[in-house]
Amino acid sequence: MAGAVPLSAIYGESGKRQNMSVVITIPIYRETLSITEKVSLQQLKRILGHYPCVFVAPESLEFDYEGLEDGIVVERFPDHYFTSITSYSQLLLTEKYYARFAAYDYLLIYQLDAFVFSDRLQEFCDLGYDYIGAPIAPSNPIWHAIGARVGNGGLSLRKITAARQALKRWEQLPVGRQQIFQDVFLQVEDLFWGWCGVQSDFDFRCAPIATALQFAVQEEVQRCYRRIEAGTLQPFGCHGWNESHVAFWQRKIEACGYELTGHACIDGKSRRRTDLEAYWQKRQYMDMARLWGALRHGKHTEMMLLLMTWLDRYPAGDKAWIGYGEELQYFWRSCRQQRLTEPMMVLAWERLEQVLDEAILRSLQAGEGERNLLWLLESLRPLIAQSKTVAAEQLCQQIEEIRWQEWETKAEYANPAPAASKKHHIVAIGMVKNEMDIIESFVRHTLSFADELLLIDHQSSDKTSEILRSLQQEGLPLTVHTSQRVEYAQAEMTTELLYEAINEHGADIVIPLDADEFLVGTKAGRSVREYLEELDTDCIYELPWRRYIPYQPDVKREEFMLKRPVLGSVFRDGGNKCIIGVRAVIENKLQLVQGNHYLYYVRDGQRLGMEMLDCQTLEIAHFYWRSSEQFQTKIAVAWPMLVSKYSLAAIGGGGYRLFHQRILQGEEINPLEFLQQASLMDLRPLVQPQTLRYSQQTTQDPMVNLMQASVLLAERMKEQQILAKKILVTTVVPYQGNWAEFAMCLQLVAKQEYPWQQILIPCIKAADNEVLRKLRELCETNLPRQAAWQIITESQNGDVFAQLSATAKGDFIHWQLPGIEMTDNFITRMVAGIAEQNIPISLLVSDGPEDYCNELPYITIHPQDNTQVMYAEDLWQWLLEIGKYPAGGLTGTLMGRQLLDACGWLRQAFLQPEGYFMPFMAWKILLAAGAGQLVGMITECYVWPQGKDLPLEKLVLHQLEWYELLQQAKNDWPVESWKEAVSHYCQNGERLLSRAIAEGIDTAAPLWQHYQQTLLQIL
């Protein structure tokens, strides 16, 4: 490479062009040259060496061309553009390539399978055409499809300004028009320039065939080889001379002084000649030339008759279809292009496409003959699917199955990390919402490298929650919290998870992730966990990310996301995520920002970003767009949530705002706009294989999710109105002698978001001074400093229940009893639900999360609409008949103050002096006091039992309590209702006794003897 010179040498010190209108670019990608490439380069330097010549090379290429590189400038581009013909074509379809040579008028591309005979370059520049290349033979179907013949790009002259304008014009075209040929252009870039030359709305001129033949020859066009032999055609150059008409060009090149005889690289039959022979052989079955001719003359009837004749003559499975599929699909593309340009003939073109679907299907089913057919059809499949015909559906299914089978056979995955290498405890955290299409892939992949995963489900309205529960039931180390906050408070919630991971789960490394973010390595075969083990827990790492989209979004949706073929951005995104070493968090009290992009600490009232180290061994595979339904859901739901937190002026929501506006205007978002120079990629070698079990039928429904989100926002607005009224709620937390249960109750009360609470702690069980001291200590430890709380004991002013009535100041009363969990916004939601109803409600009940087995004391109400209303006495009769009460118990209710006064504050539900609480009796007391009043029951679940299973002893005690209540009501009940209740009671008895015997419990004990007596007596 000693002779290579910088590009500035061409321009001079001033940076201005030195009277040159054309530059010659020579693409190279090998360290050394073959004999034919050396000949090509020598001839270029001999004939055109006085023009500026530039090697276009990969950034990393080191080469030695034995002195032939002397005096030639090197311009370098990223390596990925030189991995294949396809990637090189993509380079030549980027505006930045031509911008690199913007100081020139023209650019001659000279690949090293070209050869020039004379210095006529300036002559062709002066003709003023935008593009000149060797003409294409009429047998080439794709050039038929685009309606052009000029020309091949291996030796081609291009006007730089016109090329840049054409590429910009392409970007402005409707997506539907781009889709017809885009995949083909990205594979073979010279097709694009030929296509531009025949488009009426492109100001782009390709040279006519006669002029193009004077410029270069490659294929047999207009008897050009005979004319050259006769001396009536003397082209400027030729291209592909070592593949097409090899013997002919060998003689011509040897006549220029080069020795080629005996070199293996040019021996053998011409590949293009073989292709041509195969083309003419095929015409014995179906005359495609006639079909193309009918297309060019707009003869719809003739095209239809030809195709119908072939379909009738050659049934499915006939070998006659072998080899026709590629040309038929090109014909399909051409028909679709005509359909877009002839709106008055849409129906005729649609019918023709439908017949073509069947013809292409038969060719594909033949199963051999065309190696390119599958990928051509794969990219065309979304357009074919639009017709909704049986043939189109079968063709699409066939394409999918064959493509997937091929993809599966090439599967290679990363190896799992050796157990001995695991020294860190790694915890991943994240917040999810409406991610049912990807959540199982995310969880299983993340747990392939993380020891635990902590998630917050932010009120998902799709199957996300259901899938997460199923994954937990498998025993995966997955913790799921549910957030009832409406606004998108990601920073606050993920920071809480960060400290939970540290303080409760012993994390050494924490990785914040969204459900559409997959942590992958950068080296095939090596596991993500191995890279993570190399990180320092004292540091925060800056993690790069790259965007991906499914290659075919609606195909194999039930498969592991990283198992599917994807389109990935060649370039990484400008932003970043982070990996967190725990010691850095503890030392600096760090917090996460919205989006988990970095962490900060507060000093002197200012936020200061924490320094991060580059992590180049790992990156985030970001699936921001996965399907049109998913993306519409994402934007329609997320933007209002951002507005609810930050207002319409949300600084961090610009992307959501713009997409929201575009979707409102009816625009279809093209997923390719999320990728910088897309490329087909395989992520399997970077990850471990995963099998999904719960991801069938997980296509998002944007309308359902949007409707749910709008309800949440409306509810939030109502809550804000209620909060502004400062309605006081008295929360009663009885002390019954169990310190652990009491402390848990205090903690749940402390988490409530509702600010207007009075907390009363009645000592149901007698308390001495030591107990009172400990109670005060627990309250001070567990309740917020600003909380208003008071301990109530029996005194000369009356028992605790009389003092409760005298001390309580709230309009509504909430009892916090042991054994029940509740959401942080329980009281807020309940006050909003009871305070301003259009009919008066004295008691509001929150429903349970699920149905329970018969012997458990819980029932889920499942109102048919949002709020079911019953009279208190009717509700009690139903509960007594089935022997169950609402799953949230009294904790899941909010009561009007007058109702509590009427029932003596539930005094009779507590056995004195033990302080034992009888939950079923409490319901009777409460509902009897509310006779004639309405009870509301809401579908939303804000409370649930702490455990699904109860000890058999507690189940028996509930049955005995039910028995006593049944005996009290026996004489007042209709006979049928009594029989139904007795049947339920006895069935439960059989189950409980069977369980007791199976578990080896002594059923001769007094409790069990008493229970068995009640079973006999009730019958």
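Because the structure is a prediction, the values reported are computed rather than measured.

Draft legend 1. Examining the overall build of the protein more closely. Of the regular secondary structure elements, the protein holds 37 helices and 37 strands. Whereas a compact globule of 1019 residues would reach a radius of gyration of roughly 31 Å, the protein reaches 39 Å, over 25% beyond that. Principal-axis analysis of the C-alpha atoms gives the protein an extent of 125 × 75 × 55 Å. Counting only residues that meet the buried cut, the protein has 54% of its 1019 residues in that class. A fraction of 78% describes how many contacts in the protein between residues 6 or more apart in sequence connect residues 24 or more apart. Accessible surface, the protein: about 44500 Å² in total, of which carbon and sulfur atoms supply 50%. Of the charged side chains in the protein, 95 are positive and 127 negative, and the gap between their average positions amounts to 6 Å.

Draft legend 2. Quick peek at the sheet that holds strand E5 (residues 114-116). One open sheet holds the three strands; their spatial order is E5-E9-E8, and the pairing between them is mixed. Of all the strands in the sheet, the pair left with one neighbour each is E5 and strand E8 (216-217). Two strands pair when backbone bridges link them, and E5 and strand E9 (residues 237-239) are joined in this way by three bridges, in the antiparallel orientation. Looking at the pairing, Val-116 lines up with Gly-237 of E9.

Draft legend 3. Local environment of the state of the cysteines. A complete count under the given rule lists zero disulfides for this structure. The cysteine Cys-125 is free of any disulfide, with Cys-53 supplying the nearest cysteine sulfur at 13 Å. No disulfide involves Cys-335; its nearest neighbouring cysteine sulfur is the one of Cys-396, lying 17 Å away.

Draft legend 4. Quick look at unusual backbone geometry. Val-150 connects to Gly-151 through a cis peptide bond whose omega is -20°. In this fold, Gly-151 is placed in the loop between helix H6 (141-146) and strand E7 (152-159). The backbone of Gln-222 sits at a positive phi, close to 50°, despite the residue not being glycine. Summarising the element assignment, Gln-222 is placed in the loop between E8 and helix H11 (224-230). What makes Gln-222 partly exposed here is its relative accessible area of 45%. Despite not being glycine, Lys-726 shows a phi value in the positive range, around 55°.

Draft legend 5. Molecular detail of the domain arrangement of the protein. When the domains of the protein are assigned, the result is domain 1 (22-255), domain 2 (283-407), domain 3 (419-686) and domain 4 (726-950). Just the C-alpha atoms count here: the centres of domain 1 and domain 2 sit 31 Å apart. Residue-level contacts link 15 residues of domain 1 with 14 residues of domain 2. Summing the contributions of domain 1 and of domain 2, the shared interface buries around 1300 Å²; its carbon and sulfur component is 65%. If you look at where domain 1 meets domain 2, you find one salt bridge. Its salt-bridge partner being Arg-333, residue Asp-183 comes within 2.8 Å of it at the nearest N-O pair. Going through the elements one at a time, H6 and helix H8 (175-187) are the ones with two or more residues in the side of domain 1 that touches domain 2. Broken down by element, the residue count for the side of domain 1 that touches domain 2 peaks at eight residues, all from H8.

Draft legend 6. Main features of the side chain of His-239. With respect to the helices and strands, His-239 occurs in strand E9. For His-239, a relative accessible area of 5% gives the class buried. A polar side-chain atom of His-239 sits 2.4 Å from a polar atom in the side chain of Gln-218. Other than its neighbours up to four places away in sequence, His-239 contacts Gln-111, Asp-113, Ala-114, Asn-152, Gly-154, Leu-155, Val-217 and Gln-218.

Conventions and cut-offs
- Residues numbered from 1 in each chain as written.
- Predicted model: local features only at pLDDT ≥ 70, side-chain atom pairs only at ≥ 80, totals over all residues.
- Heavy atoms only, no water.
- Helix = DSSP H or I, 4+ residues; strand = E, 2+ residues; numbered from the N terminus.
- Rg over C-alpha atoms; globule rule 2.2 N^0.38 Å.
- Buried < 20%, exposed > 50% of the residue type's maximum accessible area, 1.4 Å probe, protein only.
- Contact = heavy atoms within 4.5 Å.
- Areas by Shrake-Rupley, 256 points an atom, 1.4 Å probe, with all protein chains shown as cover.
- Lys, Arg positive; Asp, Glu negative; His and termini not counted.
- Charge placed at Lys NZ, Arg CZ, Asp CG, Glu CD.
- Pairing = 2+ DSSP bridges.
- Disulfide = S-S within 2.5 Å.
- Domains from an automatic or database assignment.
- Buried area = accessible area lost by both parts, 1.4 Å probe.
- Salt bridge = Lys/Arg side-chain N within 4 Å of Asp/Glu carboxyl O.
- Polar contact = N/O pair within 3.5 Å; in protein donor to acceptor, adjacent residues only side chain to side chain.

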